[in-house]
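Residue-level structure breakdown
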Amino acid sequence: MIGWSSWRITLAVALVLAGCNGTGSSSSRPPLTSRLSPEERDAHALGREIFELVDRAVDYRGSHRGRPAVTLRQMGVESLTPTTIRRMVNLQREPVITVVFRQPAGKEFISCRGDSQILEDASVNGRYTIMCTARTGAQRPVEVITAGEP
């Protein structure tokens, strides 16, 4: 007879093995990033950064009794990275995050922005839309696919 702890270990191993479908990284479809145009890759990079920052801002607000962070630094986030400049404003207690490329030469999009709606869209649809500014100054919505989608 199998003891309770042995049964749990057996179940855990079975669940891990059941999750392995044997395809590994040699699936027939190439990774998402290789299927995107250079402009879309740039927008997706900005979009992933925006998503992370919006998530942190919403989490901060939730853990501080509904008070939003006034600055990125208050959330423990730097406003400058080696490749981007990050900005945050709160509109009616909702964070709006803008991420700008520091060296926009050769990039179609120089900046993108998003608000807390992207969190809901990503969880419901597996994708979300951010608004991006092109080199020409034109604004264009760009759909970002979450990492979980092939």
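Coordinates for the structure precede this section.
Residues numbered from 1 in each chain as written. Predicted model: local features only at pLDDT ≥ 70, side-chain atom pairs only at ≥ 80, totals over all residues. Heavy atoms only, no water.

Ranked by size, the top nonpolar core spans 26 residues in total, and within it Ile50, Met75, Met88, Ile97, Ile130 and Cys132 carry the most contacts. Elements represented by at least two residues in this core include exactly helix H3 (38-63), strand E2 (94-101), strand E3 (109-115), helix H4 (117-125), strand E4 (127-134) and strand E5 (139-145). (Core = buried A, V, L, I, M, F, W, Y, C linked by side-chain atoms within 4.5 Å. Buried < 20%, exposed > 50% of the residue type's maximum accessible area, 1.4 Å probe, protein only. Helix = DSSP H or I, 4+ residues; strand = E, 2+ residues; numbered from the N terminus.)

The next subject is the packing of aromatic side chains. In this description, a pair of aromatic rings is defined by centroid distance and the angle of the planes. Applying the stated rule across the entire model yields 1 aromatic pair. Over the face of the ring belonging to phenylalanine 101 we find lysine 107, whose NZ or CZ atom lies 4.7 Å from the ring centre. (Phe/Tyr/Trp six-rings, centres within 6.5 Å; stacked < 30°, edge-to-face > 60°. Lys NZ or Arg CZ within 6 Å of the ring centre and 35° of its normal.)

Another aspect to go through is the pattern of salt bridges. Opposite charge on two side chains lets them pair, provided their charged atoms get close. Inspection of the entire model under this criterion finds 6 salt bridges. The residue arginine 73 makes a salt bridge to glutamate 78 at a minimum N-O spacing of 4.0 Å. Among the residues examined, arginine 73 registers a relative accessible area of 64% and is labelled exposed. (Salt bridge = Lys/Arg side-chain N within 4 Å of Asp/Glu carboxyl O.)

Let us now look at H4. Listing the buried residues of H4 in full gives Ile118, Leu119 and Ala122. Buried residues in H4, looked at end-on, bunch into an arc of 105°, giving them a common side. On its buried side, H4 packs onto H3, E3 and E4. Following H4 by one or two positions, glycine 126 has its phi on the positive side, about 75°. (Arc of directions from axis to C-beta. Contact = heavy atoms within 4.5 Å.)

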